[in-house]
Amino acid sequence: MNSIEVKNLTKKFGNFTSVDNISFNVKQAEIFGFLGANGAGKSTTIKMLCGILEPTLGDAIVEGQSVAKNPDRVKQNIGYMSQRFSLYNDLAVGENLDFFGGVYGLSNQKLNERKKWVLKIANLEGKENLLTGSLPGGIKQRLALGAAVIHQPGIVFLDEPTSGVDPISRRNFWELINELSSEGTTVFVTTHYLEEAEFCNNIIFIDDGKLIAEGNPKTLKTKYLDKPILEVECSSVIEALVILEKSPFVDETSIFGNNIHIIVNEKYVEEKQITALLEKQNNITVKKISKIVPTLEDVFIHLLEMDKKK
Amino acid sequence: MKTILHIIKKEFLQFKRDPKMFSITLFAPILQLIFFGYAATLDLNLVPTIIYDQDKTVTSRKLIEEFIGSGFFEIEHYADNYKETQKYIEEGKSLVAIVIPQNFEKRIYRRETASLQAIFNGSFGNSSNIAAGYVTKVVTKYSRQIVSNYLDISGRKFIPAGSIDAEIRVWYNPELKTRNFMVPAIVGLLISVITLLLTTLAIVKEKEVGTLEQLIVTPIKPIQLIIGKLVPFVILGFISVSIVIIAMNIIFGIAVRGNVFFLFFSAFLYILSTLGLGLFVSTISKTQQQAMMISVFAVLMPMNFLSGFAFPLENMPIPIQMLSYIIPLKYFINITRGVILKGTGLAVHWPDALALLTIGLVILFLSALRFKKRLE
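Residues numbered from 1 in each chain as written. Chains lettered and ligands numbered in written order. Predicted model: local features only at pLDDT ≥ 70, side-chain atom pairs only at ≥ 80, totals over all residues. Heavy atoms only, no water.

### Brief notes about the domain arrangement of chain B
With domains assigned, chain B is organised as domain 1 (2–41 + 181–375) and domain 2 (47–153). On a C-alpha basis, the centroid separation for the pair domain 1 of chain B and domain 2 of chain B is 50 Å. (Domains from an automatic or database assignment.)

So this is what it looks like as structure tokens:
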């Protein structure tokens, strides 16, 4: 069963096409990654899926409701959490939950039950009188997620939920996302941390409002990046990057920390080609060359490069 | 309906958490009342005066006594020369200089016209005007005395020439105090500040911290959000009006002569406009600072100037007078001054009330429409 079915969804602002005819499906209870650079049209898409922005063309069925025809019904069946912390800092934890529970029309009994659950997942049991603004970032994030699903929606949209959160809190947060998904909630998540995208069941990439790739992390890596990828560890990284970029056997280059990742083509035969180029001609010491399994980041950059060339 | 109640409850909880806001609403009305009541006065009680008596005769001294006896003048100094007189005026130590010329007495005895010089510091235009009135009053009284004395002495009978004495009675504000004129208008000023400013800030704050984004994805409808956001400030507005009315009575002894319920009803009509303006400002500001600046400088200040709060509209150029017809505060101040000072009610003020209702509904409707559009 599909939680979301997107068909030819398009949004234009005047002459500018923010979302350009995209279609995809999200399965019930999966963790769905929605990736793209800033300005690619992610937020516009989410706004349409949440029923707060009317599509110019096309439609999406979210939890059985059309966003074009019944945006108000859509709102009742979804949860949403943005990158900005969006509970009231000047209300106590319990008051925030009362408010959002009330807005979604939960009965008192249901509200108490759900409040207990949220307090548990946010590690805030017995602390519902604390002022929300005084909580540490990681806890706030979990509380916000709890509040976003207080009405037990079929799907929750998380818009860069972990930006600005420390690595441990991020890990804990993803455990929570997994938990939600295993309980049957669909999780639709956008992120700039591509290592997080590895946790997703399925991913789509969009660029310039167009869908440019989709699949699970494994197929993305093989399907879209069929050429070998090498990691070069050397001195003078920037210089080496410029030289490698121009050499005929290299298709793409990118910097990963102190290393360079290069995608090579059929003209590449052996490591000596690289060492010869860098060490003999340019006096750069090559410490290590290894063939690597591409990360999603490699795929992402590769896809963006390809799209630019088009 | 339930959703609206949840929003209202939330607003009050937030309000409670903000002690600064809380005290602004409770104490600011009283402070403003005191400031305006005591400080915003155009009255002149004692005119600081310098006297240069060149004549130094019984008659001139008598005239000076008249000035002192009138109770309007406080003699700062008796000058010996013209320079000194000039200095007092220049340095602002005196508002008026009275110069009695030589031969003042002689001329009177010779039954000639005697003149008197009064110099005013015109940089205080209003006060000088009032002082000039006092001077004329004293001099007129004195010259009458001279005439009647002369008639008595000469044994002729005093035949009243057909003169008309105006007996002036001032209604509603018998002491002609600026305070009585200002204080009722403060009711209007206060509601403007509280409802307009606080509403705008409360909405823009949600925009600024991002909670508005969260509210939009909930099933709350824009109209519910608008009502839920506005109702608390209507209530706060009424609370501060009540505080001002009570404080007005206790501190200045100005009681409401008319119907208090009609006053509150008009306040409600007026609030429609201010809430609408607040809502509008919230749609054009991104931050609370912006909202504050726009509310104060683009809405509240022009509204005060054009409402007749401090300056009479009758003296303004015609185009500006025309503009004042769309200023809701103008009508509300008419009502507060009427109801509080004169005890007038709906029978007199229905045109004001109708204007308030119309302007209020138009502003509120347009702003709500714009607010709703902005949300989407």
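### What to know about the pairing of strand E4 (residues 57–62) of chain A
All names here are of chain A. Alignment of strand E1 (residues 2–13) against E4, held across 5 bridges, turns out to be antiparallel. Its bridge partner being in E4, Lys7 is matched across the sheet by Asp59. Where E4 lies against strand E5 (residues 65–66), 2 bridges are found, and the strand directions are antiparallel. Considered in E5, the bridge of Val62 is made with Gln65. (Pairing = 2+ DSSP bridges. Helix = DSSP H or I, 4+ residues; strand = E, 2+ residues; numbered from the N terminus.)

### Considerations on the domain arrangement of chain A
Along its sequence, chain A is organised into domain 1 (2–221) and domain 2 (226–293). Each of domain 1 of chain A and domain 2 of chain A has a C-alpha centre, and these two points are 40 Å apart.

### Comments concerning the sheet that holds strand E7 (residues 155–159) of chain A
Residues and elements named next belong to chain A. The strand order E6-E7-E8-E3-E9-E10 describes an open sheet built from 6 strands, whose pairing is mixed. Whereas interior strands pair on both sides, the edge strands pair on one side only; in this sheet they are strand E6 (78–81) and strand E10 (210–215). Taken over all neighbouring pairs, the strand axes of this sheet differ in orientation by 15 degrees on average, direction set aside. Bridge count between E6 and E7: 4 bridges; the pairing is parallel. Bridged to Met81 within E7 is Leu158. (Axes fitted to C-alpha atoms, helices over the stretch in contact; angles between N-to-C directions.)

### Remarks on the packing of aromatic side chains
Centre distance and the angle of the planes are the two values used to describe a pair of aromatic rings. Residue and element names in this part refer to chain A. Evaluated as defined, the whole model comprises 18 aromatic pairs over all chains. When the centroid spacing of 5.4 Å and the interplanar angle of 10 degrees are considered together, the rings of Phe24 and Phe32 count as stacked. By relative accessible area, which is 4% here, Phe24 ends up buried. Residue Phe32 is classed as buried on the basis of its relative accessible area of 2%. Ring centres of Phe32 and Phe188 lie 5.4 Å apart, and the angle between their planes is 25 degrees; on these two criteria the pair is classed as stacked. Note that Phe32 is positioned in strand E3 (residues 31–35) and Phe188 in strand E8 (residues 186–190), a separation of 156 residues in sequence. In this structure, Phe32 and Phe188 share a single accessibility class: buried. Among the aromatic residues, those joined into a cluster by ring pairs are Phe24, Phe32, Phe34, Phe157 and Phe188. (Phe/Tyr/Trp six-rings, centres within 6.5 Å; stacked < 30°, edge-to-face > 60°. Buried < 20%, exposed > 50% of the residue type's maximum accessible area, 1.4 Å probe, protein only.)

### Regarding the environment of B:Glu76
Residue and element names in this part refer to chain B. Tracing the chain through its elements places Glu76 in strand E2 (residues 73–79). A sequence separation of 25 residues divides Glu76 from Ile51, and the C-alpha atoms of the two residues are 8.2 Å apart. Look past the residues within four positions of Glu76 in its chain and what remains in contact with it is Pro48, Thr49, Tyr88, Lys93 and Ser94. (Contact = heavy atoms within 4.5 Å.)

### Considering the sheet that holds strand E3 (residues 96–100) of chain B
All names here are of chain B. Taken in spatial order, the 4 strands of this open sheet run E2-E1-E3-E4, and their pairing is mixed. Only two strands of the sheet have a single neighbouring strand rather than two, namely E2 and strand E4 (117–120). Adjacent strand axes in the sheet meet at a mean angle of 25 degrees, parallel and antiparallel pairs treated alike. Of the strands in this sheet, strand E1 (47–53), E2, E3 and E4 touch helix H6 (residues 125–153), which is tilted by about 165 degrees from E4.

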